[in-house]
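The primary structure of each chain is shown beneath.
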Amino acid sequence: MVYAWKTRRALPGFGLALGFTLLYLSLIVLIPLSTIFLKTAALSWPEFWSTVASSRTLAAYRLSLGAAFISALVNAVCGLLVAWVLVRYRFPGKRIIDGLVDLPFALPTAVAGVTLTTPD
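Since we're looking at a predicted model, the values are computed, not measured.

Thresholds, definitions, all that
Residues numbered from 1 in each chain as written. Predicted model: local features only at pLDDT ≥ 70, side-chain atom pairs only at ≥ 80, totals over all residues. Heavy atoms only, no water. Helix = DSSP H or I, 4+ residues; strand = E, 2+ residues; numbered from the N terminus. Buried < 20%, exposed > 50% of the residue type's maximum accessible area, 1.4 Å probe, protein only. pLDDT = per-residue confidence, 0-100. Expected span 1.5 Å × (residues − 1). Bend = angle between axes of the 7 residues up to and from the residue. Phe/Tyr/Trp six-rings, centres within 6.5 Å; stacked < 30°, edge-to-face > 60°. Contact = heavy atoms within 4.5 Å.

## A look at the overall build of the protein chain
Scanning the protein chain from terminus to terminus reveals five helices and zero strands. Here the protein chain holds 120 residues, and the buried ones make up 2% of them.

## Some remarks on the confidence of the model for the protein chain
Residues at a pLDDT of 70 or more form 88% of the protein chain, whose mean pLDDT is 85. Here helix α5 (residues 109-117) stands out as the least confident element of the protein chain, with mean pLDDT 72; helix α3 (residues 55-88) is the most confident, with 95.

## Here's the deal with helix α4 (residues 94-106)
Helix length check: α4, at 13 residues, gives a terminal C-alpha distance of 18 Å against a target of 18 Å (1.5 Å per residue), a fit within 8%. Of all the bends in α4, the largest measures some 25 degrees and sits at Leu-100, one to four residues before the proline Pro-104.

## What to know about the packing of aromatic side chains
Summed over all chains, the structure comprises two aromatic pairs. Judged by centre distance (6.3 Å) and plane angle (15 degrees), the rings of Phe-20 and Tyr-24 are stacked. A residue pair is termed a helical-turn pair when its members lie 3 or 4 positions apart in one helix, as Phe-20 and Tyr-24 do in helix α1 (residues 16-41) at four residues. Overall, Phe-20 belongs to the exposed group, its relative accessible area being 55%. Considering the side-chain rings of Trp-45 and Phe-48, the 5.7 Å spacing of their centres and the 90 degrees angle between planes classify their relative orientation as edge-to-face. Pair noted here: Trp-45 and Phe-48 are both in helix α2 (residues 45-52), with a separation of three residues, about one helical turn.

## A few points about the environment of Val-52
Along the chain, the position of Val-52 falls in helix α2. Sequence-distant contacts of Val-52, that is, excluding residues within four places in its chain, are made with Thr-57, Leu-58 and Tyr-61.

Shown next, in the form of structure tokens:
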């Protein structure tokens, strides 16, 4: 006789904890997004366009896109060099550098950012 509470699932944790976590995270994301949409919906088209096309907003666009472009270029060059060296050569500490390359995939950037901005 197999009881329902004794069956093992392939992926544990799909219970109340997962539901609470999804609710909490969706509220953290959905409330700020909904306020952005509500504030924007309250504007008329000329007000919206003047806000989007203001000099301050255009400077923010330029800064964001410029920083992203420069970052992409630096990451492409450095990433290509590191990948080339890791694939082609054997040297002491290769596994450590390979681990450092893989670390951002294991540690999300958001978690690292929150950790770094938290006061001691």
